Amino acid sequence: MSAVCEKTDPLQGVFGVHHGTKFDDIVELWHGHRTPIIFCALIVLVAIRFYIHNVEDAEPLKSIPKQFETKVIPDGTSKQSDIDVSEKTTAKSNGPRRIKGGVTKKPATEEKDQYDKSRPIKIMVFFSSVTTKTEKIAQQYLSSLERSVDQLSRETERQFLKPELHDLADIDFEDFFVSPAKTADNAYLFYLFLIPSYNIDTINDTLLQHLEETHHDFRIDTAPLAPLLGYSVFGFGDREGWPDEAEGYCFQAKEVDKWMSKLTGRKRAYPVGMGDMKSDHADRFQEWTLGVQEVIGHVARTGTLGEGVTGSGDAMESDAEDVAEEDDGEVLFEDDASSDDKESSRPLDDVEDLGRMIRPSNGGRTANAANGKKAPLAVDFTSYGSSTKKRTPVAPVIKEMVAKNSPTYAALTKQGYTIVGSHSGVKICRWTKSALRGRGSCYKYSLYGINSHQCMETTPSLSCSNKCVFCWRHGTNPVGTTWRWVVDPPDMIFAGVKEGHYKKIKMMRGVPGVRAERYAEALKIRHCALSLVGEPIFYPHINEFLAMLHAERISSFLVCNAQHPDQLAALKAVTQLYVSIDASNKDSLRKIDRPLHRDFWERFQRCLDILREKRFRHRTVFRLTLVKGFNVEDEAEGYAQLVERGLPCFVEVKGVTYCGTSTSSNAGLSMSNVPFYWEVCEFVRALERKLKDKGLPYGIAAEHAHSCCILLASERFLVDGKWHTHIDYKRFFELLEERGPDGEWTPEDYMGEPTPEWALWGNGGFDPRDDRVDRKGRKIENVVVREAPPPESW
């Protein structure tokens, strides 16, 4: 029996039979109350942990003594500081030593405070040479650089040390390109490279291998050369041997630029310069040196390279910033910024917040206001007619069109505008960026010879009298039928838009792929597209503004919407005058332009008559924007009648571009409203036939397939069987200076050279100087489809 007890109660040998009963009671107690016991224990443990944590934060352990450590600070003196031994112990790493770079992001104010103006600046010039040509250029440059440094020292009141010249074949790369070179004066450094490209093994290959290995070395921070003030590269090449940049022209200079961009944390100070040793290298090098000198002066004064666009200096080619900025005066639909913006923004008052102008009665409050609701806007959208009722005159309240504290201002600046004064704006378009990077120019370069990188897109009036369904501004710009705002003087606007444009151009300085020669040219505006947003001729002093443009030999391309005939009639000389013709009849115009004037069709027709009168005075252009489902199907006859009435010099036909937006969808638009290029071609052929049937001498002259744009031209510009759609800008300004803005001349008097072969109808119209690329910078071929594909391929 005892054996059985031993087997059934194994703890009996330890506790005995008497204690076994107590143990059973404890087990029973545990099973009955284990949940609250565990919960209480957790609470106690958490309380203890919280208490210990607070005590440690409030009072460091006094048992660990502090020691003194001597630190050497940049000016050569020493400083003693007490350091917690425990902190030193935990901060010490067991891994390999890392060379610290400047990739850590710091607040702008902190970086500014760290810039020590007492420290001198030293420029180091690196070169390689096999035939000694680059060496001679480098030595000559060093002499001129010494003189430039003396001038910069006087202008900036900064100390510049004597520049150094280094042959890449004679230096140890570890001393210069793993971390900035050491100088006795602890100077800030600025690196310049003069790199010829060779298809044989040279020191260039060794340098490129070293830069790449440094970037990929896990023991070294990703930007060990970030303490540099900046860098720039100039490449010497041979276009005869390597005509295509992608196939070798100055390829090693571009590789050096790419790796230096990575190692410096995007501190490209100036675009890569490139010169042909057999032709233009002297001129290109001179442009590059002047640009670099300007940047060095700026960085000496401020300690920074200035503001740059997002992605500046990134070695990976990307057009991401262009997706939401295809706004070169072309019609398109654009995505809203983000879901966060939708939540934070409120619907804008489309009529320029005119409700704020209404003076409420009842002590400044209305019934709706008392209930927390806004009063309805009492706005008359017409500027003609009379009323039989007598109204008590009310003194108008003059206000700013776009006040700085208004949601309109916030929305436009967020879209990339620089607002000048209270009603003007300027913005750099995506074609300007594209041309700077050699990725193609605007249709205006193909059709009229405008350099996109030298074109400023601006408007002296952000207000418009239409609410077009295809407007790409989300209804953010103000609207109205008469000018009722503060009027800024034209000289202030002119100075402001130039300053804003140049600032945006300079932001492109560090963008990968920007061509130095085009960047230098872009710093001199030669053309002005008054087509940004709004209605330019709405501005009361538009003629004075045009005169200021022409005084600086800046050509003018003005776009209006055919709703202001009086202002159009009073317009003086412009280089080219556009009128937007968005529909062929009254009903279509109402649907697509949504004009605010009640007599919009009468105004529209008057503008066409005025344009007919000006056709021997201005180069006049009808601008047709095709939106499938609105103004394409069966409307060629109607458009031909409008051309017959206005007899413009040119007719531009362009398909709308779609990027998707809630504004567009609310207007009933979708991707299905975007015509294919072959559909635009079919429409243009149909329109040409209708014009021929009416005996009107027009023909298809040129195209820019990349913009889905085709140009019909009057045969006035067909000379000896060749189209002359380009403009002789020099002759235009000579005529203007000889005869004044009211003088008599004809568009033929400043007709340019024959339209280039590549721009003519049937050849695509893409700038042959450039290359089309995909989103990753890879070259792609131009494929143009002008005929409808077979039904089985749909």
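What counts and how
- Residues numbered from 1 in each chain as written.
- Predicted model: local features only at pLDDT ≥ 70, side-chain atom pairs only at ≥ 80, totals over all residues.
- Heavy atoms only, no water.
- UniProt positions renumbered as here; feature names shortened; annotations may be inferred.
- Salt bridge = Lys/Arg side-chain N within 4 Å of Asp/Glu carboxyl O.
- Helix = DSSP H or I, 4+ residues; strand = E, 2+ residues; numbered from the N terminus.
- Buried < 20%, exposed > 50% of the residue type's maximum accessible area, 1.4 Å probe, protein only.
- Arc of directions from axis to C-beta.
- Contact = heavy atoms within 4.5 Å.
- Polar contact = N/O pair within 3.5 Å; in protein donor to acceptor, adjacent residues only side chain to side chain.
- Pairing = 2+ DSSP bridges.
- Right-handed = clockwise from strand over helix to strand, strands pointing away.
- Core = buried A, V, L, I, M, F, W, Y, C linked by side-chain atoms within 4.5 Å.

- As annotated in an unreviewed UniProt entry, the chain carries the name S-adenosyl-L-methionine-dependent tRNA 4-demethylwyosine synthase and is attributed to Pochonia chlamydosporia 170.
- Recorded in UniProt for the chain, the comment headed Sequence similarities (unreviewed entry) runs: "Belongs to the TYW1 family."
- UniProt annotates the chain under Catalytic activity (unreviewed entry) with the comment "N(1)-methylguanosine(37) in tRNA(Phe) + pyruvate + S-adenosyl-L-methionine = 4-demethylwyosine(37) in tRNA(Phe) + 5'-deoxyadenosine + L-methionine + CO2 + H2O".

### A short note on the pattern of salt bridges
And step 1. Overall, the coordinates contain 29 salt bridges when judged by the stated rule.
And step 2. Between Glu787 and Arg685 there is a salt bridge, with the nearest N and O atoms lying 3.1 Å from each other. With Glu787 in the segment after α24 (729-739) and Arg685 in helix α23 (residues 677-693), this residue pair connects regions lying 102 residues apart in the sequence.
And step 3. Residue class for Glu787 comes out exposed when judged on its relative accessible area of 53%.
And step 4. A single network of salt bridges, built from pairs that share partners, joins Glu637, Glu644, Lys690 and Lys694.

### Notes on helix α19 (residues 586-593)
And step 1. Where α19 is concerned, the buried positions are Ser588, Leu589, Ile592 and Asp593. Seen along its axis, α19 keeps its buried residues to an arc of 100 degrees; they face one direction.
And step 2. Contacts made by the buried residues of α19 are with α20 (600-614).
And step 3. Sitting at the head of α19, Asn585 places a side-chain oxygen 3.3 Å from the backbone nitrogen of Asp587.

### Focus: the pairing of strand β5 (residues 188-196)
Here is the key point about a regular strand: its side chains alternate between the two faces of the sheet.
And step 1. With nine of its nine residues buried, β5 lies for the most part within the structure.
And step 2. Along β5, one buried face is formed by Tyr188, Phe190, Leu192, Leu194 and Pro196 and the opposite face, lined by Leu189, Tyr191, Phe193 and Ile195, is buried too.
And step 3. Looking at chain direction, β5 and strand β6 (residues 230-237) are connected through seven bridges and run parallel. Across the sheet, residue Tyr191 finds its bridge partner in β6, namely Tyr231.
And step 4. Considered for its hand, the β-α-β crossover made up of β5, helix α7 (residues 203-216) and β6 is right-handed.

### Considering unusual backbone geometry
And step 1. With a phi close to 65 degrees, Arg266 is a non-glycine residue in the positive phi region.
And step 2. Since its relative accessible area comes to 44%, Arg266 is described here as partly exposed.
And step 3. At Leu647, a residue that is not glycine, the phi angle is positive and equals roughly 45 degrees.
And step 4. Here Leu647 is to be found in the loop between α21 (636-646) and β15 (650-655).
And step 5. The buried category is assigned to Leu647, whose relative accessible area is 17%.

### Remarks on the nonpolar core
And step 1. The biggest cluster of nonpolar side chains holds 77 residues, and the ones touching the most others in it are Leu549, Ile581, Phe622, Leu624, Val653 and Leu687.
And step 2. With eight residues, the single largest contributor to this core is α23.
And step 3. Not counting residues up to four positions away in its chain, the partners in contact with Phe622 are Val579, Ile581, Leu608, Leu611, Leu642, Val643, Gly646, Pro648, Phe650, Val651 and Glu652.

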